[in-house]
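Descriptive analysis of the structure
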Amino acid sequence: MRRVELLDTTLRDGAQGEGIDHSLSDKRKIALSLDRLGIPLIEGGNPAANPKDEAFFQEAKAAPFLMQARLVPFGSTCRAGVKPEADKGLAILLSTEQPVISIFGKADIRQVRDVLRVTPEENLRMIEDSVAFLCRSGRRVLFDAEHFFDGADDDRDYAFAALKAACRGGADVLVLCDTKGGTLPDDLRSRTAEVLAALPKCKVGIHCHDDMGLSVAGSLACIDAGAAMAQVTVAGVGERCGNTNLSTLLATLQLKLHYQVIPAENLPLLTSTAREILEVMNVTPNRRAPYVGYSAFAHKGGMHIDGVMKSPESFEHIPPESVGNRRRFLLSEQTGRAGVYTRLKRLIPEIQRDDPRVKQITERLKRREAQGYAYESADGSFDLLALETLGMRKAFFEVRDFHVLSGNSAEDNNAQAYIKIAVDGKEEINAAEGDGPVNALDKALRKALMVFYPKLANMHLRDFKVRVIDSGGTASVVRVLIESADGPHVWTTTGVSSNIIQACFLALVDSVAYYLTFVG
Ligand SMILES: [Zn+2]
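For clarity, every value in this text was computed on a predicted model and none was experimentally measured.

With that settled, consider helix H3 (residues 88-95). Regarding H3, the residues found buried are Leu90, Leu93 and Leu94. Angularly, the buried residues of H3 cover 95° about the axis, an arc narrow enough to put them on a single face. Buried-residue contacts for H3 involve strand E3 (70-76), strand E4 (100-106) and helix H5 (120-136). For H3, the capping residue at the N-terminal end is Asp87, with a side-chain oxygen 3.1 Å from the backbone nitrogen of Gly89.

Before going further, it helps to spend a moment on a nonpolar patch on the surface. Residues Leu184, Met212 and Leu214 make up a contiguous nonpolar surface patch of roughly 240 Å² in combined accessible area. Structurally, Leu214 is set in the loop between strand E7 (203-207) and helix H9 (215-225).

Moving on: the coordination of the zinc ion. Coordination of the zinc ion by the protein comes from Asp13 (OD), His207 (NE2) and His209 (NE2), over a distance range of 2.0 to 2.2 Å. When the donors of the zinc ion are listed by position in the chain, the intervening gaps give D-x193-H-x1-H. The class of His207 is buried, set by a relative accessible area of 4%. By relative accessible area, His209 is classed as buried at 6%.

What follows is about the sheet that holds strand E13 (residues 426-434). Strands sit in the order E11-E12-E13 across an open sheet of three strands; the sheet is antiparallel. Whereas interior strands pair on both sides, the edge strands pair on one side only; in this sheet they are strand E11 (398-406) and E13. Ignoring which end each strand starts from, the neighbouring axes of this sheet average 10° apart. Pairing analysis gives nine bridges linking strand E12 (residues 415-423) to E13, with the strands arranged antiparallel. Opposite Lys420, over in E13, you have Ile429 as the bridge partner. Of the strands in this sheet, E11 and E12 touch helix H17 (residues 500-519), which is tilted by about 135° from E11.

Conventions we followed
Residues numbered from 1 in each chain as written. Predicted model: local features only at pLDDT ≥ 70, side-chain atom pairs only at ≥ 80, totals over all residues. Heavy atoms only, no water. Buried < 20%, exposed > 50% of the residue type's maximum accessible area, 1.4 Å probe, protein only. Helix = DSSP H or I, 4+ residues; strand = E, 2+ residues; numbered from the N terminus. Arc of directions from axis to C-beta. Contact = heavy atoms within 4.5 Å. Polar contact = N/O pair within 3.5 Å; in protein donor to acceptor, adjacent residues only side chain to side chain. Patch = residues over 30% accessible without salt bridge, like charges linked within 9 Å, V, L, I, M, F, W, Y side chains within 5 Å. Areas by Shrake-Rupley, 256 points an atom, 1.4 Å probe, with all protein chains shown as cover. Salt bridge = Lys/Arg side-chain N within 4 Å of Asp/Glu carboxyl O. Donors = N, O, S within 2.8 Å, 3.2 Å for Na, K, Ca; no water. Pairing = 2+ DSSP bridges. Axes fitted to C-alpha atoms, helices over the stretch in contact; angles between N-to-C directions.

Spelled out as structure tokens, the structure:
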């Protein structure tokens, strides 16, 4: 079985992505998750350039916390005119006491001339001396050849001379960087093959960027040509369009091409690891992410659902559980009876596929969808609708009246809501102020209901989405989705109306009713 070594650079190149900012404790959590997954190399940051990264490496030295992964410090070669022994940056890299060190140097003559502003020979000296110095200190050295592919297109001999300098210095891996992300996979592949032929003593690694949406394809091409290492980030975060996506590359290598990347028994941790790290980074997960997205195994078309229920491989390229994801059936017009049946089974386990109630609910669902409802994401409202259709929905409360007043100031508490409800014929009137009309209405409704159901204090609204679904001028129909939670329980409800407040109110009422029916 062929092996590929993955180096995750979420904590270094990933931190250069827009909107990404890891705190010290975030860095630790992310490294721990990657370690648990079985990623062997975690580039932890640039301790010579960034005090937070320096603190991170100091902490890791004082109290090592990883089970199997190596934490790799990243930095540059020594400065021009300075011997490596006298270079502060290299000293800081060594002071981390990590056994693997990554340094970058320039492989593009134009960058050497215009940006670094040193002679071509001095740049080669800096590379070779720095790598040799770190190797003499007993470190395994990864050499990142920045701008390698663009450099080789412009001046092949110089780009290769930079690699040869690192190789003479004793680098273990020559990491070829497509720094601008503009090289096509075929060109990446042929250059990789050329390097391997010219420098058979060194291993080759690949560092791609996703500026054409091809970084996974490019990395696979290089691995196919013989690259032994690929550099990745979680969810592909990183400079500009980002880096190569860890989950996509890893699952493809392991499941499709049968490479050994992480221990096979760890692969089912992939989805939870990706989501856990995105949560730490405060990045919204991409629903359509290959392998690990919420929609990666979500089936909607009626024929698809029917097909998957009979034989999952009819519409799934891999079993979702092999990467720790799960299959979902979405409810919609297209879903038809098969989808309704699979959902209903959770509410009424003994129900049979040909039960007339399945048909009854399917028809009700279709009528609702014609009005603008969509139950695809609103599992909570679907369950309530099903119970209601079957005459099984318990009436916990009745809303007799409500009003909302919205002010025009930008201040907090700029809206007031008034509500009258009844529980078992007993009326309760309440009012509340809120940050906007929905918030005021939510507070008033719950204040009134908590008189009867104090446990409602445990639930809260997590997310709120509004979508205009029919552009008929001011008569547009609005669909509202509300996500609510109580500890581990999360449910989504929906409301549709030409009046936005009414749509919100319907979704709020469902949210509370769902809690009282199924959770609290
Ligand atoms: Zn990069």
